[in-house]
Amino acid sequence: MLEGVNFAVAPGEAVVLTGPNGVGKTTLLRTIAGLQPPYDGKIVVPDVEAMTYAGHADGIKAALSVAENLMFWARVHGQRDISGTLEDFALTDLASRPAGQLSAGQKRRLGLARLRVTGRTIWLLDEPTVSLDKGSVDLFGQVVRRHLAGGGLAVIASHIDMGLDVRVIDLTPYRARAKVARGYDEVFL
Ligand SMILES: Nc1ncnc2c1ncn2[C@@H]1O[C@H](COP(=O)(O)OP(=O)(O)OP(=O)(O)O)[C@@H](O)[C@H]1O
């Protein structure tokens with residue numbers, strides 16, 4: 001799907017992956033996350049346990065409140081304090097509301113807030129700003145900036161500008177070309 005992609009991200013840095021629908025942004029992120037193996041090539045992650053992946057699904061429990069959802073994930077990762085996260089994602093006033101009653105953008109903010117309570121340093125984010133209004137995009141940009149300032153790093157697939165002053169890699173030129181397999185005619189590939 002992609003070939004010749006080569007980049008490194010140091011602590012404190014982020015990379016934004018762009019490219020048209022279907023180019024392979026999600027596939028690359030999932031491969032980095034270890035959710036699927038690379039067909040070829042090498043992914044080096046110094047500490048697999050330091051990674052957290054936010055895909056298209058928000059991964060929240062509808063029957064639990066906003067605070068209960070966050071507390072669940074905080075505890076899974078050995079954390080206890082969610083107050084800072086509620087504030088960072090403008091969720092404090094919604095803390096006791098069942099997650100199933102949230103609007104799409106509020107759900108997305110809660111889904112992203114899970115990243116912060118994991119305490120993990122390597123964030124892999126697939127279109128994190130979907131459903132977010134301008135104010136929420138700015139808010140999330142600030143969260144990412146603080147994460148980087150604290151020595152975290154991020155690889156983000158996104159079509160929109162989050163106001164981050166980071167490296168952008170357009171995957172378009174790395175689209176793999178079909179190859180002729182031994183014993184097969186190219187017309188059938
Ligand atoms: N499970 C799958 N089985 C077969 N093909 C798949 C599968 N998942 C994705 N693809 C194909 O792989 C290609 C890359 O998909 P991917 O989701 O990585 O693209 P993307 O760059 O993230 O796109 P978008 O911007 O639409 O999210 C697409 O052509 C897609 O149809």
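Residues numbered from 1 in each chain as written. Predicted model: local features only at pLDDT ≥ 70, side-chain atom pairs only at ≥ 80, totals over all residues. Heavy atoms only, no water.

- You'll find the chain entered in an unreviewed UniProt entry as Cytochrome c biogenesis ATP-binding export protein CcmA, with Primorskyibacter flagellatus given as the organism.

### As for the pattern of salt bridges
Alright, step 1. Taken as a whole and assessed by the stated rule, the structure comprises six salt bridges.
Alright, step 2. Arginine 167 is the salt-bridge partner of glutamate 13, the closest N and O atoms lying 3.7 Å from each other. Separated by 154 residues along the polypeptide, glutamate 13 in the segment before strand S1 (14-18) and arginine 167 in strand S5 (residues 167-170) bring together distant segments of the chain.
Alright, step 3. Classification of glutamate 13 as partly exposed rests on a relative accessible area of 35%.
Alright, step 4. Where salt bridges share partners, they join Asp88, Arg116 and Arg146 into one cluster. (Salt bridge = Lys/Arg side-chain N within 4 Å of Asp/Glu carboxyl O. Helix = DSSP H or I, 4+ residues; strand = E, 2+ residues; numbered from the N terminus. Buried < 20%, exposed > 50% of the residue type's maximum accessible area, 1.4 Å probe, protein only.)

### Details of the site of the ligand
Alright, step 1. Residues in close proximity to the ligand include Met1, Pro20, Asn21, Gly22, Val23, Gly24, Lys25, Thr26, Thr27 and His159, which together make up its full environment.
Alright, step 2. In the environment of the ligand, an oxygen atom lies 2.8 Å from a nitrogen or oxygen atom belonging to the side chain of threonine 26.
Alright, step 3. Taking histidine 159, its side chain carries an N or O atom lying 3.4 Å from an oxygen atom of the ligand.
Alright, step 4. The residue makeup of the shell around the ligand, split by class, is three nonpolar, six polar and one charged. (Near = heavy atom within 4 Å. Polar contact = N/O pair within 3.5 Å; in protein donor to acceptor, adjacent residues only side chain to side chain. Nonpolar A, V, L, I, M, F, W, Y, C, P; charged D, E, K, R; others polar.)

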